[in-house]
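Here is what each chain is made of, one letter per residue.
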Amino acid sequence: MITHDTQIRVLYRDTDKMGVVYHANYIVFYEAARNEMFRTIGLPYTELEKLNIVMPIVEVESKYKAPAYYDDLLTVRATIKELPVVRAVVEYEVFNEAGQLLNTGKTVLGYVNTERMRPCRAPQTFIDELQQYFQD
C-alpha cells in the first residue's frame, strides 16, 4: 500500500461566492496529491510519458462532509491499496488543520498508449518499481 500526504493552501480562487472551496476544486486537489505521491516514490508522470503512456481518469467520486475555507491549510492523503496493473485506483481523504475530515474521494485511472491511442497495461518497469509497496 502506498500513502502520501500533500499539503495545499486554499487560495481565494479556489472558493465560491459563499466563501467555501468550490466542489470541483477537490478534484484538482486530488490531482496535486496524486502527482506528489508518484513523484515522491520516484515515478513522476513524466517518466510514464517517456514510455508513451498517459493515465486518464476514467472515474471520479467525491463526498463532501464539511467545508474548507479560504487560507485553510489542507492535508490531502492519497492512498493506493492495490498494485495498479490495469487501472490505478487512488483514494483520498482531505483534512483541515484541526484534523477534521472534510472530504473523501476516489479516482480510477487507466493507461493509454499514446502511439496507438489505445488502452494498455502499465509498463512492466512501472509495475516493478511499485511492487515493493505491495509486498505482504
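Just so it is clear, the model here is predicted, and its values are computed rather than measured.

**What to know about the sheet that holds strand 8 (residues 118–119)**
Phase 1: With antiparallel pairing, three strands are arranged side by side in an open sheet as 2-7-8. The open sheet has two free edges, formed respectively by strand 2 (53–54) and strand 8, since each of these has just one partner strand.
Phase 2: In terms of strand pairing, strand 2 meets strand 7 (residues 112–113) through two bridges, oriented antiparallel. In the strand pairing of strand 7, I53 is matched with N113.

**Let's talk about the sheet that holds strand 5 (residues 88–95)**
Phase 1: If you walk across this open sheet you meet the five strands as 1-4-5-6-3, and the pairing is antiparallel. The open sheet is flanked by strand 1 (2–9) and strand 3 (57–64), the only strands paired with a single partner. For this sheet, the mean inter-axis angle between neighbouring strands, taken without regard to orientation, is 20 degrees.
Phase 2: The pairing of strand 3 with strand 6 (residues 101–109) spans seven bridges and is classified as antiparallel. For K63, the partnering residue across the bridge sits in strand 6 and is T104.

**Focus: unusual backbone geometry**
Excluding glycine, residues mostly carry a negative phi; peptide bonds, for their part, are mostly trans.
Phase 1: At N52, a residue that is not glycine, the phi angle is positive and equals roughly 65 degrees.
Phase 2: By the element assignment, N52 lies in the loop between helix 2 (45–50) and strand 2.
Phase 3: Despite not being glycine, D71 shows a phi value in the positive range, around 75 degrees.
Phase 4: Structurally, the position occupied by D71 is in the loop between strand 3 and strand 4 (73–80).
Phase 5: Its relative accessible area of 41% is what places D71 among the partly exposed residues.

**As for the nonpolar core**
Phase 1: Ranked by internal contacts, the top residues of the largest apolar core, which has 34 residues, are F38 and F126.
Phase 2: Sorting elements by how many residues they give to this core places helix 1 (residues 25–40) first, with six residues.

**Quick look at a nonpolar patch on the surface**
Phase 1: Nonpolar side chains collect at one region of the surface, where I27, I57 and V60 lie side by side and expose about 210 Å² of accessible area between them.
Phase 2: With respect to the helices, strands and loops of the structure, I57 is situated in strand 3.
Phase 3: Under the relative-accessibility criterion, I57 is labelled partly exposed at 38%.

**Concerning the side chain of T79**
Phase 1: Within the secondary structure layout, T79 lies in strand 4.
Phase 2: Classification of T79 by relative accessible area gives buried; the value is 10%.
Phase 3: Of the polar contacts made by the side chain of T79, one reaches the side chain of T3; its length is 3.4 Å.
Phase 4: Discounting chain neighbours no more than four positions away, the residues touching T79 are M1, I2, T3, V89, V90 and E91.

**Considerations on the packing of aromatic side chains**
Phase 1: Within the structure shown, the criterion is met by seven aromatic pairs.
Phase 2: Ring centres of Y26 and Y64 lie 5.4 Å apart, and the angle between their planes is 70 degrees; this geometry places the pair in the edge-to-face category. Within this pair, whereas Y26 is found in helix 1, its partner Y64 is found in strand 3, the two being separated by 38 residues in sequence.
Phase 3: You can call Y26 buried: its relative accessible area is 2%.
Phase 4: Given a relative accessible area of 42%, Y64 falls into the partly exposed group.
Phase 5: Look at F38 and Y45: their rings are 5.6 Å apart centre to centre, the planes differ by 50 degrees, and that puts the pair in the tilted class. The two residues F38 and Y45 agree in class, both being buried.

What counts, and at which threshold
- Residues numbered from 1 in each chain as written.
- Predicted model: local features only at pLDDT ≥ 70, side-chain atom pairs only at ≥ 80, totals over all residues.
- Heavy atoms only, no water.
- Pairing = 2+ DSSP bridges.
- Helix = DSSP H or I, 4+ residues; strand = E, 2+ residues; numbered from the N terminus.
- Axes fitted to C-alpha atoms, helices over the stretch in contact; angles between N-to-C directions.
- Buried < 20%, exposed > 50% of the residue type's maximum accessible area, 1.4 Å probe, protein only.
- Core = buried A, V, L, I, M, F, W, Y, C linked by side-chain atoms within 4.5 Å.
- Patch = residues over 30% accessible without salt bridge, like charges linked within 9 Å, V, L, I, M, F, W, Y side chains within 5 Å.
- Areas by Shrake-Rupley, 256 points an atom, 1.4 Å probe, with all protein chains shown as cover.
- Salt bridge = Lys/Arg side-chain N within 4 Å of Asp/Glu carboxyl O.
- Polar contact = N/O pair within 3.5 Å; in protein donor to acceptor, adjacent residues only side chain to side chain.
- Contact = heavy atoms within 4.5 Å.
- Phe/Tyr/Trp six-rings, centres within 6.5 Å; stacked < 30°, edge-to-face > 60°.

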